[in-house]
Amino acid sequence: MSPATLRRGWCPGVLRPMPTGDGLLVRLRLTSGELSCRLAADIAGLADRYGNGAIDLTQRANLQLRGVREECLPELTAALGDLDLLDPSDSAESVRNVMVSPLAGIDPACVDGRALAKNLETLLLRNIALHALPAKFGFAVDGGGLWPLGDVGADMTLIAPGPGDGWRIRLGGSPSLSQPIEVAEATGQVSRLAQIFLSKSSTAGFRRMRDLVAIDGAAHIFSEAGLLVSNAGLAVGKRATPEAGGHRFSADACIAAIGLPFGRIEASKLKPIAALAGPRAALRLTPWRLLIVRCADEAAVTAILAKAPALGLVTTPGDVRLAIDACTGAPGCVNATTPTREDAILIAGVLGQDHLKPGTIHVSGCIKGCARRGTARVTLVGRDGRYDLVVNGGPSDAPVRTAIARGDLAAAVRSALAVAGGAA
Ligand code: SF4
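Keep in mind that what you see is a predicted model, and the values were worked out from it rather than measured.

**Notes on the overall build of the chain**
Part 1 of the argument: In terms of helices and strands, the chain carries 11 helices and 19 strands.
Part 2 of the argument: Summarising its shape, the C-alpha atoms of the chain cover approximately 60 × 45 × 45 Å along the three principal directions.
Part 3 of the argument: Here the chain holds 424 residues, and 48% of them are scored as buried.
Part 4 of the argument: Within the chain, contacts between residues at least 6 apart in sequence are counted, and of these 65% link residues at least 24 apart.

**What about the environment of G394?**
Part 1 of the argument: Structurally, G394 can be placed in the loop between β18 (386-393) and β19 (401-404).
Part 2 of the argument: Placed 27 residues apart in sequence, G394 and I367 show a C-alpha to C-alpha distance of 8.3 Å.
Part 3 of the argument: In this structure, G394 is in contact with G369, G374, T375 and T379, ignoring residues within four places of it in sequence.

**Re the packing of helix α10 (residues 340-351) against helix α11 (residues 409-420)**
Packed helices, taken two at a time, are described by their axes: the angle between them and the distance between them.
Part 1 of the argument: In the contact formed by α10 and α11, the axes pass within 9 Å of each other and the chain directions differ by 60°. One finds that α10 runs oblique with respect to α11. As for how α10 packs across α11, the hand of that crossing is right-handed. Taking contact as the criterion, the partners of D343, L346, I347 and V350 in α10 are, on α11, L409, A410 and V413.
Part 2 of the argument: Its residues assigned to classes, the contact of α10 with α11 comprises six nonpolar, no polar and one charged.

**Regarding the sheet that holds strand β2 (residues 23-28)**
Part 1 of the argument: Taken in spatial order, the five strands make up an open sheet running β1-β2-β5-β4-β12, and their pairing is antiparallel. Strands at the two margins of the open sheet, each flanked by one partner only, are β1 (18-20) and β12 (264-266). For this sheet, the mean angle separating the axes of adjacent strands, direction not counted, is 30°.
Part 2 of the argument: The pairing of strand β4 (residues 54-57) with strand β5 (residues 63-68) spans three bridges and is antiparallel. Looking at the pairing, I55 lines up with L65 of β5.
Part 3 of the argument: Together, β4 and β12 form the strand contacts of helix α8 (residues 267-277), whose direction differs from that of β12 by roughly 80°.

**Regarding the nonpolar core**
Soluble, globular proteins show a tendency: their nonpolar side chains are buried together.
Part 1 of the argument: Of all hydrophobic cores here, the largest spans 133 residues; its most connected members are I258, L291 and V293.
Part 2 of the argument: Ranked by the residues each element gives to this core, the list is headed by helix α1 (residues 37-50), at seven residues.
Part 3 of the argument: Each of domain 1 (103-224) and domain 2 (320-420) gives at least three residues to this core.
Part 4 of the argument: The contacts of L291, once residues within four sequence positions are left out, are L57, I258, L260, I265, L283 and L285.

**Observations concerning the pairing of strand β10 (residues 245-250)**
Part 1 of the argument: In this structure, β10 lies alongside strand β11 (residues 253-259), joined through five bridges in antiparallel fashion. From the neighbouring strand, H247 faces β11, where its bridge partner is I255.
Part 2 of the argument: Where β10 folds back on β11, the antiparallel hairpin that results is connected by two residues.

**Some points on the packing of helix α4 (residues 114-126) against helix α5 (residues 183-204)**
Part 1 of the argument: Across the interface, α4 lies against α5 with an axial gap of 10 Å and an inter-helix angle of 35°. Along this stretch, α4 crosses α5, giving a crossing that reads as right-handed. Residues L116, N119, L120 and L123 of α4 form the contact with α5, whose participating residues are V183, A186, T187, V190 and S191.

**A short note on the site of the ligand**
Part 1 of the argument: The full set of residues close to the ligand is C327, T328, G329, C333, N335, A336, S364, G365, C366, K368, G369 and C370.
Part 2 of the argument: Counted by class, the shell around the ligand contains five nonpolar, six polar and one charged residues.

**Observations concerning the pairing of β5**
Part 1 of the argument: Where burial is concerned, most of β5 is hidden: five out of the six residues are buried.
Part 2 of the argument: As paired elements, β2 and β5 share four bridges and run antiparallel to each other. Of the residues in β5, the one forming a bridge with L28 is L63.
Part 3 of the argument: Where β4 hands over to β5, the hairpin turn is made up of five residues, of which A61 adopts a positive phi near 60°.

**Overview of the domain arrangement of the chain**
Part 1 of the argument: The domain architecture assigned to the chain consists of domain 1 (103-224) and domain 2 (320-420).
Part 2 of the argument: Here the C-alpha centroids of domain 1 and domain 2 sit 33 Å apart.

**Quick notes on the environment of T316**
Part 1 of the argument: Its place among the elements puts T316 in the loop between α9 (298-307) and β15 (324-326).
Part 2 of the argument: Take T316: there are 13 C-beta atoms within 10 Å of it, and that puts it in the partly exposed class.
Part 3 of the argument: If near-sequence neighbours (up to four positions away) are discounted, T316 is found in contact with A244 and G245.

**Considering α5**
Part 1 of the argument: The first and last C-alpha atoms of α5 sit 32 Å apart over 22 residues, in line with the 32 Å expected at 1.5 Å per residue.
Part 2 of the argument: Within α5, the full set of buried residues consists of A186, T187, Q189, V190, L193, A194 and F197. An end-on view of α5 places all buried positions within 160° of arc, on one side of the element. Turned more than 90 degrees from where α5 packs its buried face, A184, E185, S199, S202 and T203 sit exposed.
Part 3 of the argument: Buried residues in α5 make contact with α4, β7 (139-142), β8 (156-159), β9 (168-171), α6 (209-216) and α7 (218-224).
Part 4 of the argument: Phi for G205, located one or two positions after α5, is positive at around 80°.

**Things to note about the environment of G13**
Part 1 of the argument: Along the chain, G13 falls in the segment before β1.
Part 2 of the argument: Sequence spacing of G13 and G53 is 40 residues, and the spatial spacing of their C-alpha atoms is 23 Å.

**A closer look at the sheet that holds strand β6 (residues 98-100)**
The pairing of strands in a sheet happens through backbone hydrogen bonds and is either parallel or antiparallel.
Part 1 of the argument: Spatially, β6-β7-β8-β9 is the arrangement adopted by the four strands of the open sheet, whose pairing is mixed. Only two strands of the sheet have a single neighbouring strand rather than two, namely β6 and β9. Taken over all neighbouring pairs, the strand axes of this sheet differ in orientation by 20° on average, direction set aside.
Part 2 of the argument: Here β7 runs beside β8; their pairing, made up of four bridges, is parallel.

Analysis parameters
Residues numbered from 1 in each chain as written. Predicted model: local features only at pLDDT ≥ 70, side-chain atom pairs only at ≥ 80, totals over all residues. Helix = DSSP H or I, 4+ residues; strand = E, 2+ residues; numbered from the N terminus. Buried ≥ 20, exposed ≤ 12 C-beta atoms within 10 Å, placed from the backbone. Contact = placed C-beta atoms within 7 Å. Axes fitted to C-alpha atoms, helices over the stretch in contact; angles between N-to-C directions. Parallel < 35°, antiparallel > 145°, perpendicular 65-115°, else oblique. Left-handed = near helix turned anticlockwise from the far one by under 90°. Nonpolar A, V, L, I, M, F, W, Y, C, P; charged D, E, K, R; others polar. Pairing = 2+ DSSP bridges. Core = buried A, V, L, I, M, F, W, Y, C linked by C-beta atoms within 7 Å. Domains from an automatic or database assignment. Near = placed C-beta within 6 Å. Expected span 1.5 Å × (residues − 1). Arc of directions from axis to C-beta.

Now the structure itself:
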């Protein structure tokens with residue numbers, strides 16, 4: 001490993017490569033989901049050089065380099081260290097799981113929580129006791145605005161109901177919010193609540209905050225941290241309706257929102273997008289399979305939106321590929337027996353420009369359902385090289401049809417959509 005010394009932890013960093021069906025997977029957590037176009041081009045270069053060129057954008061707004069070769073790990077580690085993209089330890093990488101509203105600092109109606117998220121990351125890195133939190137335990141900072149984060153499966157969310165309303169805490173998917181708290185006390189309160197979770201989960205054995213909420217109730221957990229519940233008529237968990245295309249928020253804030261079919265972009269496609277945006281532009285990662293490019297001017301937005309379709313990327317909200325969630329599937333996942341993404345493309349081709357809402361169709365390689373939380377109008381679940389089909393349910397629900405061959409998939413989805421009332 002290179003002797004790269006890292007600013008984030010002032011010590012050599014580590015990678016946490018995970019074995020998959022197509023080589024190693026390397027996750028990159030970008031603070032606040034923010035990266036310069038120059039850094040995006042560097043990451044694309046690494047994906048090409050050390051992996052198979054595929055880069056996934058996850059539901060937690062992280063990037064994942066796929067198909068990394070084991071023998072390349074020392075060089076990749078050194079290169080990521082030089083880019084300040086490593087954490088000081090495995091446990092630090094695992095616990096630094098903080099998602100931020102992708103329009104923070106762009107949408108004037110979104111309270112900018114990036115500094116708060118940075119403080120939260122620092123707390124999580126420094127407080128070693130919190131490194132015992134379960135691997136999937138996650139945090140979110142939701143500043144509201146046009147595209148609020150809403151329910152992204154976080155265990156603790158700091159929510160700003162509106163400018164000047166302060167921050168409140170939400171536990172798991174509970175509808176109860178804490179009383180407003182000052183920015184200065186927010187990370188301390190989150191730390192206190194995380195420690196309450198840890199002390200109780202060690203005996204009860206649960207892994208997520210929602211499990212503790214189900215037993216103790218949000219009000220009781222808040223009271224143990226010295227907080228009251230105070231929703232005061234606020235709507236909780238408002239869902240975002242982000243749309244691909246060009247958007248202007250103010251005189252100097254315009255974006256191109258580019259849809260990544262099934263959450264994946266190849267390095268060869270990311271590079272030209274970053275180049276068109278220009279060195280002063282920045283990218284924001286979202287949990288919605290959208291890549292936001294904040295451009296210096298509308299000419300850059302127009303240029304990106306003109307180029308993206310030829311790269312197989314999505315620039316129109318009605319594109320059917322945004323209505324389909326598909327997991328990695330075969331051959332990238334060892335649990336899969338079906339090429340889910342290929343099959344999703346096949347289904348999209350047959351459905352054409354049908355206007356379906358995001359999340360209408362879920363193509364899952366197995367009952368684990370990695371690509372989508374919750375239900376879909378139509379869910380296909382891979383099994384022994386074929387698919388079972390679930391209507392208005394999730395991958396583990398009872399199928400209405402079983403063992404559908406690939407050649408019959410699109411027709412099966414069409415008729416199931418009619419049954420499920422899937423057309424928007
Ligand atoms: S849903 Fe199953 S097949 Fe698909 S990525 Fe997850 S574990 Fe693999």
